Amino acid sequence: MTATVETPAFAAPVASEVTFRIRRFQPELDEEPHWEDYTVALYPTDRVLTALEKIKGEIDGTLTFRRSCGHGICGSDAMRINGRNRLACKTLVKDLDISKPITVEAIKGLPLEKDLVVDMDPFFAAYRSVLPFLIPEGHEPSKERLQSAEERARFDDTTKCILCACCTTSCPVYWTDDQYFGPAAIVAANRFIFDSRDAGAEQRLEILNAKEGVWRCRTTFNCTDACPRGIEVTKAIQEVKRALIFRRV
């Protein structure tokens, strides 16, 4: 006698009408940014990036935003979603309140170019200024620079940065002080300051000891909350402060 196995029935996902309120700015037409609403059908597992692509492809081709990998690695689609810095490719519809319009706008603190696109040059200039590269000691080695697992673990957290600018543009100090390095640059410095193979720690510490350096941080934890990679940004900044005070890395 053959037993009958019943296949459980699963309910098919249902699409819902979701309204997005997007802060638009077209420099050739607008004097100031303004809000526009768009409604699209989305599944709970769709991402905000999916919505933006549908709006651009099916409703308004003039909508402008950055995106690349679509998987939370390149960091190019950072934007403010419901008032919080997030990556559009990692923010799911099911994690948002769709009973009211979802607001989407460009990240703050950087010059607005068009719609959701900002000028990233000031951000990368600050990043470059902290010497975010390995500065070895002496001549080119004849063998690999060895490092223990413990030495590697010391700076592991800060290697996860994808330069999306979510942390820096969530910082109230950065919004009002365009000379401040910002959290991402300090995280980049931390990554090399505590690398046992690097000989440029003192050089970086001097750079960060400037008036607009690490001491401008007010420890609000906005940067840590905003990081899509889960980096303990505030902790990294505090580590640099302690290194400056004790001059010990």
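Residues numbered from 1 in each chain as written. Predicted model: local features only at pLDDT ≥ 70, side-chain atom pairs only at ≥ 80, totals over all residues. Heavy atoms only, no water.

Take the side chain of aspartate 177 next. Of note, aspartate 177 is situated in the loop between α4 (172-176) and α5 (183-193). Look at aspartate 177 and you get buried, because its relative accessible area is 10%. Separated by 3.0 Å, the side chain of aspartate 177 and the backbone nitrogen of glutamine 179 make a polar contact. Aspartate 177 has contacts with Glu212 and Arg216, leaving out every residue within four places of it along the chain. (Helix = DSSP H or I, 4+ residues; strand = E, 2+ residues; numbered from the N terminus. Buried < 20%, exposed > 50% of the residue type's maximum accessible area, 1.4 Å probe, protein only. Polar contact = N/O pair within 3.5 Å; in protein donor to acceptor, adjacent residues only side chain to side chain. Contact = heavy atoms within 4.5 Å.)

Each regular strand displays side chains that alternate between the two surfaces of the sheet. Pairing between strand β1 (residues 16-24) and strand β2 (residues 34-42): nine bridges, direction antiparallel. Counterpart to threonine 19 in the pairing with β2 is threonine 39. Pairing analysis gives three bridges linking β1 to strand β5 (residues 102-105), with the strands arranged parallel. Looking at the pairing, isoleucine 22 lines up with valine 104 of β5. (Pairing = 2+ DSSP bridges.)

Right, let's talk about the packing of α5 against helix α6 (residues 201-208) for a bit. Between two packed helices, both the angle of their axes relative to each other and the distance between the axes serve to describe the pair. Orientation of α5 relative to α6, taken along the N-to-C sense of each, is 155°, at an axis distance of 9 Å. The angle between the axes of α5 and α6 places the two elements in the roughly antiparallel class. In the packing of α5 onto α6, the handedness of the crossing is left-handed. Here Ile186, Ala189, Phe192 and Ile193 of α5 come into contact with α6, specifically with Ala201, Arg204, Leu205 and Leu208. (Axes fitted to C-alpha atoms, helices over the stretch in contact; angles between N-to-C directions. Parallel < 35°, antiparallel > 145°, perpendicular 65-115°, else oblique. Left-handed = near helix turned anticlockwise from the far one by under 90°.)

Strands sit in the order β2-β1-β5-β3-β4 across an open sheet of five strands; the sheet is mixed. Edge strands, defined here as strands with exactly one partner in the open sheet, are β2 and β4 (84-87). On average, each strand axis in the sheet is tilted by 35° relative to the strand beside it, whichever way the strands run. The sheet contact formed by strand β3 (residues 78-81) and β4 spans four bridges and is antiparallel. Paired with isoleucine 81 across the bridge in β4 is arginine 84.

Look at aspartate 115: it is not a glycine, yet its phi comes out positive at around 50°. Structurally, the position occupied by aspartate 115 is in the loop between β6 (112-114) and β7 (117-118). For alanine 165, which is not glycine, the phi torsion reads 75° and is therefore positive. Here alanine 165 lies in the loop between α3 (149-153) and α4.

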